[in-house]
Amino acid sequence: MKRLMIADGSDIVRKVGKKILSELGYQVMEAASGREALSRCERELPDVMIVDAGMDDALDLISNVRALPEGKAVKIYYCVVEAELKVMMAGKRAGASDFLLKPFDREILTKTFGDKAIAA
């Protein structure tokens, strides 16, 4: 089972994401801040991360995860509210693998992550 971390300051976003992604077969971890997420990654690196661009330390989190041993193997989705090129490029420069538009729902998460949870 693949491990996925949702790093987002919103309890509701994390809970909804966790419910949907758990049903898709992921072992889901949550973090309310970049610092908490990095601390968890240092203990157990997830296979996939969803990082909210709205967190103050989102870009630092991404670059710090990339600097960890095996950190380059993590698929990191930078979660943005709108497809704003400047924000997306900052995420890409920090090391984001891909982007996810927020707010996400069951359909978006299933389309993005539905067939990937089984292969560990």
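Residues numbered from 1 in each chain as written. Predicted model: local features only at pLDDT ≥ 70, side-chain atom pairs only at ≥ 80, totals over all residues. Heavy atoms only, no water.

Within an unreviewed UniProt entry, the label attached to the protein chain reads Response regulator, and the organism entered is Rhizobium rosettiformans.

Asks: Just give me the short version of the UniProt feature "modified residue: 4-aspartylphosphate" (unreviewed entry) in the protein chain, but keep the residues and values in it.
Replies: UniProt tags D52 as "modified residue: 4-aspartylphosphate" (unreviewed entry). With respect to the helices and strands, D52 occurs in strand 3 (residues 48-52). Excluding residues within four positions of it along the chain, D52 makes contact with A7, D8, A58, C79 and K102. (UniProt positions renumbered as here; feature names shortened; annotations may be inferred. Helix = DSSP H or I, 4+ residues; strand = E, 2+ residues; numbered from the N terminus. Contact = heavy atoms within 4.5 Å.)

Asks: Hey, could you go over the environment of D98 for me, with residue numbers and the actual values?
Replies: Position of D98 among the secondary structure elements: in strand 5 (residues 98-101). D98 sits in the partly exposed class, given a relative accessible area of 32%. As a C-alpha pair, D98 and V28 span 70 residues in sequence and 19 Å in three-dimensional space. If near-sequence neighbours (up to four positions away) are discounted, D98 is found in contact with K75, I76, Y77 and Y78. (Buried < 20%, exposed > 50% of the residue type's maximum accessible area, 1.4 Å probe, protein only.)

Asks: Tell me about the layout of surface pockets, and name the residues and values.
Replies: Here the largest pocket is characterised by a volume of approximately 190 Å³. Together, 14 residues line the largest pocket, and D47, V48, A73, V74 and K75 are the ones closest to its centre. (1 Å grid on protein atoms, 1.4 Å probe; cavity = no way out; pocket = protein on both sides within 12 Å on 5 of 7 lines; lining within 4 Å. Points joined across faces, edges and corners; volume = space filled by probe spheres on them.)

Asks: Can you explain the sheet that holds strand 2 (residues 27-31)? Please cite residues and give values.
Replies: The 5 strands are arranged 2-1-3-4-5 in an open sheet whose pairing can be described as parallel. The outermost strands of the open sheet, each flanked by one partner alone, are strand 2 and strand 5. Direction aside, neighbouring strands of the sheet carry axes that sit 25° apart on average. Looking at chain direction, strand 1 (residues 3-7) and strand 3 are connected through 4 bridges and run parallel. When the sheet's bridge partners are listed, A7 is paired in strand 3 with V51. (Pairing = 2+ DSSP bridges. Axes fitted to C-alpha atoms, helices over the stretch in contact; angles between N-to-C directions.)

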